[in-house]
Structures are given as structure tokens and as C-alpha cells.
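Close look at the chain arrangement
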Amino acid sequence: MVAASGLHDRAMRGVVGTDRMGRGGAMTHGTIRLENAAATMGGQPVWQHVSGSFSPGSMTAIAGANGTGKSTLLRVIMGELPLALGTITRGGLGPRDFGYLPQARIIDRNFPISVTDMVLGGAWRQTGAFGGADRTVRLRAATALRRVNLEGQAERMISALSAGQFQRLLFARLLMTDAQVIVLDEPFTALDAPTTQDLLALVCEWHAQGRTIIAVLHDIHQIRTCFPDIVLLHAGQATWGRTPDILTPVTLQRAYGGARDPWPETGMQA
Amino acid sequence: MSILSTLWDPFASFGFMRRALVASVTLGMGAGPVGVMLQLRRMSLIGDAMSHAILPGAAIGFLLAGGLSLTAMGLGGIVAGLGVALLAGLVSRRTQLAEDASFASFYLTSLALGVLIVSARGSNIDLLHVLFGTILGIDAPALYLMGGITTLTIALLSIIWRPLVMECVDPGFMRMTGGQGGLYHMAFLFLVVINLVAGFEALGTLMSVGMMMVPAATARLWTRRLLPMMALSALTGMVAGLIGLLVSYHFRLAAGPSIILTCSVLYVLSLVTSPTGLRAARS
Ligand SMILES: Nc1ncnc2c1ncn2[C@@H]1O[C@H](COP(=O)(O)OP(=O)(O)OP(=O)(O)O)[C@@H](O)[C@H]1O
Ligand SMILES: [Mg+2]
């Protein structure tokens, strides 16, 4: 187990605290649970009758074809989109406990800020006037950049980064949030194999620190090797459980249609 | 006449010139940084729309006060500007129209309404004042208002700086990490409105937005860093105020348009000479 980060301490305290509350409490603290949930977008149902839970420290992949509602599920989890039906409980987690990595295309990459400023944005609650940051926060930002191999790029503008470097930057910002639940929407899309490996290692590190990981992924091989739990979305339904039980040839065939292996080339990665 | 006296005499001899100088320097300082943010948020048109939206509010203030009263017109302008900002936000959320499209239809309505109200009760001179301002007629209370607005602008910008920038670059991240993105957006629109109201007395509804947009566009040609960009934008507006007033004094031209045109000249010069302007586009 990776030793104490701020979050690790928090997770430990959480366990101690709930123990005092008794068994029932210990089971639900930090657990995100959906019960018979349904979501709609623009009046159309996206998925329904979804039940399942993300326990603290779990590592879950969300998979399914394009448009099946993976991003929608993330928005529901983070409380940004209300459910049309059913309930969601977050076991005492508030908005500040979530760290989020959006699908890259919704970010304005021409905005004139530097890599360092973007990373400091992850700690925007701790910064002062004109975004001034004290030494500790700056040090954390530098460490985060080093962790994702961007230390030489700190003063460049974000518009000057390649897609892969930019994705590394988003991971560095996520490091700054020090969040308990980490939500990733297609974090490895458009990245080469070494970058994917690096960032996946970082995700595994977070998992080892006791954080809850929820990630939308398209690479079945990656899911099989790294993610013990899965939510597979298909035709408005969710299949939720342990990855080896859920990812059978039959369910894959159903979820992704005709192709035997929907991403034959990705098998070569990792 | 020496160069020094050309620069110095107008301000040494006339109180109204000194007040006009203080007014334009103050306006430039506040409006410049706001203009940069407005452009980076791709909301240039919205600044324009807001400046028109202020008009009916100011006109109603004019009616209630029974004449050109800065306080009444300023308050009216702020209420109307914020009202239109809220309304346009609501409309764009409820319908498929983009925010700037809904702004465009609001501002034409506002402009017509404002002109109608002022011309129904006031003289043509009043109408001219409202539309184009009277920078040479600025009095002490008007200067206090402008100073207060500029101070508030810089203070508020510095406080909400980081979240405002984050909300701009990556609204999804702000929303999802529990930030009140909408709150910062509204605070920023509030800054736009009060700066337009500040500029309104000096430059009129139609031109106050010029002091916001043109220096910002100039500054964007010279630097790619946000903080220097805002400082440069403010500086450009302040310098243009000084040069514009001198030009208007020596050549007997209207002061407000001279200031805005000086901004434009600085912009064109930058466009030609800056490394990211036309030179870059050609090569
Ligand atoms: N703003 C919107 N208005 C109406 N419908 C929407 C909107 N956004 C998404 N949808 C619909 O909701 C459904 C789920 O969208 P979502 O973005 O969650 O899919 P996804 O699984 O994340 O897809 P992808 O793999 O392409 O990212 C889609 O069928 C989409 O057409
Ligand atoms: Mg998606």
C-alpha cells in the first residue's frame, strides 16, 4: 500500500469514524449507490432500471458503445444531472470530494494561460487574489507536473501542447484536487502507448492510495487487466458487476454488435 | 509653442480638461481588463448588446429624475443591464438559441425603447448626451462614481480571478468539482455592466463599449499571457484617453470620438507592427 498522502489519511479517518457509527454506517460511508435509476436527455430516456454501487476504494470501468449514456452516468454520479427516476446516495460525499477529467474536446485550449496556471486551477479554492498561490501550493503543482513528465513545460502556454501533453496536464490538475473519488471520461483517447501506460500507472497509484476510481474506457483489454469492476451500458440497460463475470463473449457481442473483437488493434497495447 | 506646453497647457488651464483626463484614465483602467476577459470568453457581441441594453434603464432614470442625473441614470442602467443579462441567460437555457443570438434581439429592442423614452420627454440635446456622452462636462460626483467602479472592478477581478479563468477554460471541471460556475459568470457580467455604466456618462451608450473592446484587442496582439494582457489593455485605454483629449483640444474635435479613434489608431498600428498581427499572417 502506498504511504500516507492527505487523502489516504482522510480515507483512514473515514473508516474509524464510521466504525463508531456501527456496522451499517461503515458499509455506506463513501459509497455511491444508485437504485432503480433512470436518466433522460432532451426528453429521451438514456438508460433506466440501473441499480448498483461504487464502494470506497473500488476501481470501476464504464463501458458501452457511443451514445449509450456513459458520460451521462458520470454527470449523474457527480450530481450535475438530476435523475429522472430512482435514487442516488453518495454516502456523505460532497462536490469537493470529486475530481473530474472531462472529455478533452470541451476545453478551450486557446485560452492564454500557462501550464502552471492550468495546474493551479485544480487548487482554485486554495489560491488568493489574482490566483496567487503560496509556496506549498506551488510546490505541489511542480510535483504534480513532474509526476506526469511535464516539468520542462511549466511556463509554456496550454495552446502549445500536443494532445498527449495536454492530457498529461489534465492528470496533473487532477493530482492537485487531491479528491477522494476520481472520475475520468475517456482519459486515454488519442494517446500513444507509452503515455497511456504512464497515466494508467498513475490511476493505479490513486487506487492503491484508497481512492475510488470511476473511468469511462473503450479499451476492453485495459478494462480486463486493470479494472476489477465494470458497468456495461447497452440498449438503455446497465450490467453491473465483477469484470470477468460481465465481460463474456456473449455480452460483448450484445453490447458492441457484430465484430468479434471491436478493437482488434488495441490488443497490442499494454 | 513648445512641445511641453502643447501637452501641459490644456490641463493646466482648464478644470474640465483635468476632470476629463482623470475620467478617461479611470475608465481605461477598469474597462481594459474586463474587455480582455470578455473577448477571451468569446462574448464580444454580448458587451455590445449590454451597452445598448443599458439605454432604456438610463432613460427611465432620466425620466424619474426629470433631467440628466448621473445617479438616477446610472442606477437605471445597472438594473436594466443586469436584467437583460439574466433574461438572455434564461432564454438561451430554455431555447436552442445561442446566448449571443438572444442578446442581439434584446439589444435592438432596448435601443429603440431607450431612444423613444428620452426623445418623448427630453430635448434632442439630452438625447445626444445619452447616446454620445459628455466627457468634457464630467463633474466631481461623476468622477467619484467612476473611481468607485474601477476600484470595485479591480478588487472583484482579483478575488474571483482563478475560478473565473477556470470557468472560462473548462466550465465542466468547475461545475463538476462543486464550483458555482454560474455565480462567477454572473459576477463577471455584473462587472461588464457597471463598467459600461461608468463609461456611459463620459462616452455615451454607443461608445462606452469601445473603451472596453478596442484596447483589449490591441493588447491581445502584443502578449499571450493573461495578466500582462490585461495590464496592457488598461494602459492602452489610459494612454488613448490622454492622446484623444489633446487631439480634441488642439484640433477642436469632439472629445469622446477622439478618444475612441485614438484607441483604433493604436489598434491599427499594433496590427501592422506586432509580431502576431498582419506580419505573422503574411509570412
Ligand atoms: N444535450 C443533449 N441533448 C439531447 N440529447 C443528448 C444531449 N447530450 C447527449 N444526448 C443524448 O444522450 C445519450 C447519451 O449521451 P452520452 O454523452 O452520455 O453518451 P456516451 O456514452 O458518453 O457517448 P460517447 O461514447 O460518444 O462519449 C446520447 O444518445 C445522446 O444523443
Ligand atoms: Mg461520452
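Residues numbered from 1 in each chain as written. Chains lettered and ligands numbered in written order. Predicted model: local features only at pLDDT ≥ 70, side-chain atom pairs only at ≥ 80, totals over all residues. Heavy atoms only, no water.

All names here are of chain A. Within the secondary structure layout, Leu 34 lies in strand 1 (residues 32-41). Separated by 33 residues in sequence, Leu 34 and Gly 67 place their C-alpha atoms 20 Å apart. The residues contacting Leu 34, other than those within four sequence positions of it, are Val 50, Ser 51, Gly 52, Phe 54, Leu 73, Val 76, Thr 87, Ile 88 and Trp 240. (Helix = DSSP H or I, 4+ residues; strand = E, 2+ residues; numbered from the N terminus. Contact = heavy atoms within 4.5 Å.)

It is worth spelling out the site of ligand 1 at this point. Residue and element names in this part refer to chain A. Near ligand 1 lie 13 residues; those nearest to it are Asn 66, Gly 67, Lys 70, Ser 71 and Thr 72. Interatomic distance of 2.5 Å between a side-chain N/O atom of Thr 72 and an oxygen atom of ligand 1. A distance of 3.4 Å is found between an oxygen atom of ligand 1 and a side-chain nitrogen or oxygen belonging to Glu 186. Protein chains bury 58% of the 640 Å² of accessible surface belonging to ligand 1 in isolation. Considering each element in turn, the shell around ligand 1 owes the most residues, three residues, to helix 3 (residues 70-77). The residue makeup of the shell around ligand 1, split by class, is two nonpolar, nine polar and two charged. (Near = heavy atom within 4 Å. Polar contact = N/O pair within 3.5 Å; in protein donor to acceptor, adjacent residues only side chain to side chain. Areas by Shrake-Rupley, 256 points an atom, 1.4 Å probe, with all protein chains shown as cover. Nonpolar A, V, L, I, M, F, W, Y, C, P; charged D, E, K, R; others polar.)

This next bit is on the interface of chain A and chain B. Across the contact, 35 residues belong to chain A and 27 residues belong to chain B. Counting across the interface, chain A meets chain B through three salt bridges. Note that Arg 42 of chain B and Asp 108 of chain A form a salt bridge whose closest N and O atoms lie 3.1 Å from each other. For the pair chain A and chain B, the number of links is six residue pairs in polar contact (both at pLDDT 80 or more). The set of elements that each furnish at least two residues to the side of chain A that touches chain B consists of strand 5 (98-101), helix 4 (115-121) and helix 6 (163-177) of chain A. Of the residues belonging to the side of chain A that touches chain B, the class tally is 17 nonpolar, ten polar and eight charged. (Salt bridge = Lys/Arg side-chain N within 4 Å of Asp/Glu carboxyl O.)

Residue and element names in this part refer to chain A. Within strand 6 (residues 181-185), five of the five residues are buried, which leaves it mostly tucked inside the rest of the structure. Sheet topology places strand 5 next to strand 6; four bridges connect them, and they run parallel. Along strand 6, the bridge assignment pairs Phe 98 with Val 181. In terms of strand pairing, strand 6 meets strand 7 (residues 212-216) through five bridges, oriented parallel. The partner of Ile 182 across the bridge, within strand 7, is Ile 213. For the crossover that starts at strand 6, traverses helix 7 (residues 193-208) and ends in the parallel strand 7, the hand is right-handed. (Buried < 20%, exposed > 50% of the residue type's maximum accessible area, 1.4 Å probe, protein only. Pairing = 2+ DSSP bridges. Right-handed = clockwise from strand over helix to strand, strands pointing away.)

Residue and element names in this part refer to chain B. Along the chain, Arg 41 falls in the loop between helix 2 (15-40) and helix 3 (44-65). Side chain to side chain, Arg 41 and Glu 167 meet in a polar contact 2.9 Å long. Those residues in contact with Arg 41 that lie beyond four places of it in its chain are Leu 164, Glu 167, Cys 168, His 185 and Phe 188.

Before going further, it helps to spend a moment on the sheet that holds strand 2 (residues 44-54) of chain A. Residues and elements named next belong to chain A. The strand order across the open sheet built from three strands is 2-1-4, with neighbouring strands paired in antiparallel fashion. Looking at the sheet topology across the chains shown, the edges are occupied by strand 2 and strand 4 (85-89). Mean inter-strand twist for the sheet, computed between neighbouring axes without regard to direction, equals 25 degrees. Pairing of strand 1 with strand 2 involves seven bridges; the strand directions are antiparallel. For Thr 40, the partnering residue across the bridge sits in strand 2 and is Pro 45. Against the sheet, helix 3 makes contact with strand 1, strand 2 and strand 4, and its axis sits at roughly 125 degrees relative to strand 1, the strand it touches most. (Axes fitted to C-alpha atoms, helices over the stretch in contact; angles between N-to-C directions.)

For soluble globular proteins, the rule of thumb is that nonpolar side chains tend to be buried together. Residues and elements named next belong to chain A. By size, the foremost hydrophobic cluster in this structure holds 116 residues, and its most contacted members are Leu 169 and Phe 171. Ignoring any residue separated from it by four or fewer positions in sequence, one finds Leu 169 in contact with Val 115, Met 118, Val 119, Leu 145, Leu 150, Ile 158 and Leu 161. In terms of nonpolar packing, the next biggest core, distinct from the first, is built from 27 residues, Ile 62, Leu 74, Leu 93 and Val 183 among them. (Core = buried A, V, L, I, M, F, W, Y, C linked by side-chain atoms within 4.5 Å.)

Once that is clear, we can look at a nonpolar patch on the surface. Residue and element names in this part refer to chain B. A contiguous nonpolar surface patch, about 310 Å² in accessible area, is contributed by Phe 14, Phe 16, Leu 136 and Tyr 249. The topology assignment puts Leu 136 in the loop between helix 6 (124-132) and helix 7 (140-169). Exposure remark for Leu 136: the relative accessible area of 36% places this residue in the partly exposed category. (Patch = residues over 30% accessible without salt bridge, like charges linked within 9 Å, V, L, I, M, F, W, Y side chains within 5 Å.)

Below, the discussion takes up the sheet that holds strand 3 (residues 59-64) of chain A. Residue and element names in this part refer to chain A. Pairing is mixed across the open sheet formed by six strands, whose spatial order is 5-6-7-3-8-9. The open sheet has two edge strands, strand 5 and strand 9 (237-242), and neither has a second partner. Sheet twist, expressed as the average angle between the axes of neighbouring strands with direction ignored, equals 15 degrees. Relative to strand 3, helix 3 is tilted by about 140 degrees, and along the sheet it contacts strand 3, strand 5, strand 6, strand 7 and strand 8 (229-234). Relative to the sheet, helix 6 contacts strand 5 and strand 6, its axis offset from that of strand 5 by approximately 175 degrees.

For residues with low pLDDT, the predicted coordinates do not support detailed interpretation. All names here are of chain A. When the pLDDT values of chain A are averaged, the result is 83; 83% of them are 70 or greater. Of all secondary-structure elements in chain A, the lowest mean pLDDT belongs to helix 1 (residues 6-21), at 37, while strand 7 reaches the highest, 97. In the predicted structure, residues 1-27 sits below a pLDDT of 50 and forms 24 contacts with residues beyond four places in sequence or in another chain. Below pLDDT 50 for its whole length, residues 264-270 participates in seven contacts with residues either more than four positions away or in separate chains. (pLDDT = per-residue confidence, 0-100.)

In this section: the UniProt feature "transmembrane region" (unreviewed entry) in chain B. All names here are of chain B. In this numbering, the UniProt entry assigns the feature "transmembrane region" (unreviewed entry) to residues 20-38, 45-64, 70-91, 103-122, 142-161, 182-200, 230-251 and 257-278. Along residues 182-200 one finds 100% helix and 0% strand; the C-alpha atoms at either end are 27 Å apart. In this annotation, residues 230-251 is assigned 100% helix and 0% strand; the end-to-end C-alpha distance for the span is 31 Å. (UniProt positions renumbered as here; feature names shortened; annotations may be inferred.)

Moving on to the packing of helix 6 of chain A against helix 7 of chain A. Residues and elements named next belong to chain A. One way to put it is that helix 6 packs onto helix 7 with a least axis distance of 11 Å and a crossing angle of 10 degrees. The orientation of helix 6 relative to helix 7 falls into the category roughly parallel. Between helix 6 and helix 7, the contacting residues are Gly 164, Gln 167, Arg 168, Phe 171, Leu 174 and Leu 175 on the first element and Thr 195, Asp 198, Leu 199, Leu 202, Val 203 and Trp 206 on the second. The residue inventory of the contact of helix 6 with helix 7, partitioned by class, reads seven nonpolar, three polar and two charged. (Parallel < 35°, antiparallel > 145°, perpendicular 65-115°, else oblique.)

On to the environment of Leu 170 of chain A, then. Residue and element names in this part refer to chain A. Relative to the helices and strands, Leu 170 resides in helix 6. Here the alpha-carbon distance between Leu 170 and Arg 156, two residues 14 residues apart in the chain, equals 15 Å. Those residues within four positions of Leu 170 in sequence are excluded, and the remaining contacts are Leu 101, Ile 107 and Met 118.

Further remarks concern the environment of Leu 278 of chain B. Residue and element names in this part refer to chain B. Residue position: Leu 278 is located in helix 13 (residues 278-282). By relative accessible area, which is 44% here, Leu 278 ends up partly exposed. Along the primary structure Leu 278 and Val 268 are separated by ten residues, whereas in three dimensions their C-alpha atoms are 9.9 Å apart. Setting aside chain neighbours within four positions, we find Leu 278 in contact with Leu 271 and Val 272.

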